[in-house]
Amino acid sequence: MAAKCGKCGNMLLPPRPICTKCLSTDFKWVELKGRGKLLSYTVIHVSPVQFQSLAPYTVGIMELEDGPHLPGMIRGVKPEKIRVGMDLKVDFDTSIPAQWPMWPRYFFRPP
Amino acid sequence: MYGREIFAEAAKEAFEKCPNLDPAKDIEALFVGHMGESYEHQGHTGPTLTDWAGLLPKPAMRLESACASSGVALRAGIFAILSGMHDIVMVGGVEKMTHRTTPEVTEFLAMASDFPFEQWHGITFPGLYALMATAHMHKYGTTEEQMALVAVKNHHNGALNPKAHMQKEITLEKAMTSRVIAWPLKLYDCSLITDGASCLILTRPDLAKKFTDTPVHIIGSGQASDAIGLYERDELTTLKVGRLAGQEAYKMAGVKPKDLDIAEVHDCFTIAEIIAYEDLGFCKPGKGGSLMEEGATALDGEIPVNTSGGLKSKGHPVGATGTAQAYEIYLQLTGQAERRQVSGAEIGLSHNVGGSGATATVHVFRRG
């Protein structure tokens, strides 16, 4: 979900109380399609303490079809197959990991 | 050694360079950059450093803007002088980092990135700059080798700086084959985890003559802010804050990029130096890699960049970096840079970036 500005149409993800473009405070909720293209990516080998069990892992920034950009981990594709501009979709992992970070999260995968 | 001890060393040198100054009497306030409490489990840095510099009970302000903390402290000092509130102030910065493990430092530094989306997905600082590097390579054809050449150049300069953290030359092959930290960035694309401190004494031009025959004038200052999340910004291949801060500082100084004799830019990663060339107008967007390859920014080039060795070789004690850059410009403009001296340098620039580009400060200096 994202917030769509009622005045200028700007899509805000994450939602905010004040529009970054026109300072309006009038928003409505919009469900995002969850599809988009990869703007850039990296494979992280040296990670923070809490992510060491996952390293190396791939993260990227997606440009969603609805407009906003979103960073996240890329799963289900080998790093050498990843290309800037490739189609990706947002998926949700509803399982809660036994180790930190112990909450469900979204990730990106090929459609 | 604690950060406060390192800071006292820097203050001592600053006092020695102003023999006519009575620090305890003449310095009216301290503005100090310090990024994180986590490294030494120590907050409330302002008065602590005032104490260790022997300046009690003078007022202190600690400023935090990630890696641009002391660039911002320098601006705060400028404001204090220009407002007429103070005649003489000290600005500086400190960070003590090497006693922590690399994963710990990686985590502490990541606190200067967006928590809910970036840290939450394990995106590190090398990771953020790697995202910029991948985008720059894709859009402009910038190569891993061009980035590695930045490291080779800065290590060459650092080997000539007795205060550099890593005073050794490296080969292109060594840089290219070093272990991957966050692809496409390898170990030698990353700046160092360093302990360090830096200090400057600021005053009005008419008072400066009392304390030194070789003052350096700050003729331009600029700063800008952007969203903390890299993903929230319009473009990944440029730092808008660097462009805006640069434009502001150039305008105030009345100089153009071609007028600069030297520059210290924020090479926290090699790609950051390439982007800085473009943002500061040393070349057109996308041409930073070629500018490096042509040797224009080498010690004997048209505009030597990071003569100190930069964050890459001199080191990056994050809170100290902004004023450490200004210190190098001071040394160059006053002919004290020894084996790395750029002959006849008159105008210099320092460019200090916080985080992945939510803050940047740019200052322009002229020999007095």
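One can find the structure itself at the top, above this paragraph.
Let me begin by describing the structure that accompanies this report. Everything numeric in this text was worked out from a predicted model, so none of it was measured.

## Describing the overall build of chain A
Then comes step 1: Across its full length, chain A carries 0 helices and 8 strands.
Then comes step 2: Traced from its N-terminal end to its C-terminal end, chain A shows the element sequence β-β-β-β-β-β-β-β.
Then comes step 3: In terms of overall dimensions, chain A has a C-alpha envelope of 45 × 30 × 25 Å along the principal axes.
Then comes step 4: Across the 111 residues that make up chain A, the buried fraction comes to 27%.

## Here we look at the overall build of chain B
Then comes step 1: From N to C terminus, chain B includes 14 helices and 10 strands.
Then comes step 2: Relative to a compact globule of 368 residues, whose C-alpha radius of gyration would be 21 Å, chain B shows 19 Å and is just as compact.
Then comes step 3: Dimensions of chain B, computed from the C-alpha atoms along their principal axes, are close to 55 × 45 × 35 Å.
Then comes step 4: In chain B, which comprises 368 residues, the proportion classed as buried is 61%.
Then comes step 5: Of the contacts formed within chain B by residues at least 6 apart in sequence, a portion of 76% connects residues at least 24 apart.

## Some details on the sheet that holds strand S3 (residues 27-30) of chain A
Residue and element names in this part refer to chain A.
Then comes step 1: Pairing is antiparallel across the open sheet formed by 3 strands, whose spatial order is S2-S1-S3. Since the sheet does not close on itself, it has two edges, and those belong to strand S2 (11-12) and S3, each with one partner.
Then comes step 2: Relative to S2, strand S1 (residues 2-5) is paired through 2 bridges, and the arrangement is antiparallel. Bridge pairing in S2 places Ala-3 opposite Leu-12.

## Quick look at the pairing of strand S4 (residues 35-44) of chain A
Consecutive residues of a regular strand have side chains that alternate between opposite faces of the sheet.
Then comes step 1: S4 of chain A sits mainly inside the fold: 8 of its 10 residues count as buried.
Then comes step 2: Examined bridge by bridge, S4 of chain A and strand S7 (residues 87-93) of chain A share 3 bridges and lie antiparallel to one another. Across the sheet, the residue bridging to Gly-36 of chain A is Leu-88 of chain A, located in S7 of chain A.
Then comes step 3: Pairing of S4 of chain A with strand S5 (residues 57-64) of chain A involves 8 bridges; the strand directions are antiparallel. Bridged to Gly-36 of chain A within S5 of chain A is Leu-64 of chain A.
Then comes step 4: When S4 of chain A meets strand S4 (residues 180-183) of chain B, the two strands line up antiparallel, connected through 2 bridges. Note on S4 of chain B: the bridge partner recorded for Val-43 of chain A is Trp-183 of chain B.

## Observations concerning the packing of helix H6 (residues 125-140) of chain B against helix H11 (residues 270-279) of chain B
All names here are of chain B.
Then comes step 1: H11 packs onto H6 with a crossing angle of 55 degrees between their chain directions and a minimal axis gap of 9 Å. Classified by the angle between their axes, H6 and H11 sit oblique to one another. As for how H6 packs across H11, the hand of that crossing is left-handed. Between H6 and H11, the residues in contact are Tyr-129, Met-132, Ala-133 and His-136 and Ile-271, Ala-272 and Ile-275, respectively.
Then comes step 2: Here the contact of H6 with H11 is composed, by residue class, of 6 nonpolar, 1 polar and no charged.

Procedures and definitions
Residues numbered from 1 in each chain as written. Chains lettered and ligands numbered in written order. Predicted model: local features only at pLDDT ≥ 70, side-chain atom pairs only at ≥ 80, totals over all residues. Helix = DSSP H or I, 4+ residues; strand = E, 2+ residues; numbered from the N terminus. Buried ≥ 20, exposed ≤ 12 C-beta atoms within 10 Å, placed from the backbone. Rg over C-alpha atoms; globule rule 2.2 N^0.38 Å. Contact = placed C-beta atoms within 7 Å. Pairing = 2+ DSSP bridges. Axes fitted to C-alpha atoms, helices over the stretch in contact; angles between N-to-C directions. Parallel < 35°, antiparallel > 145°, perpendicular 65-115°, else oblique. Left-handed = near helix turned anticlockwise from the far one by under 90°. Nonpolar A, V, L, I, M, F, W, Y, C, P; charged D, E, K, R; others polar.

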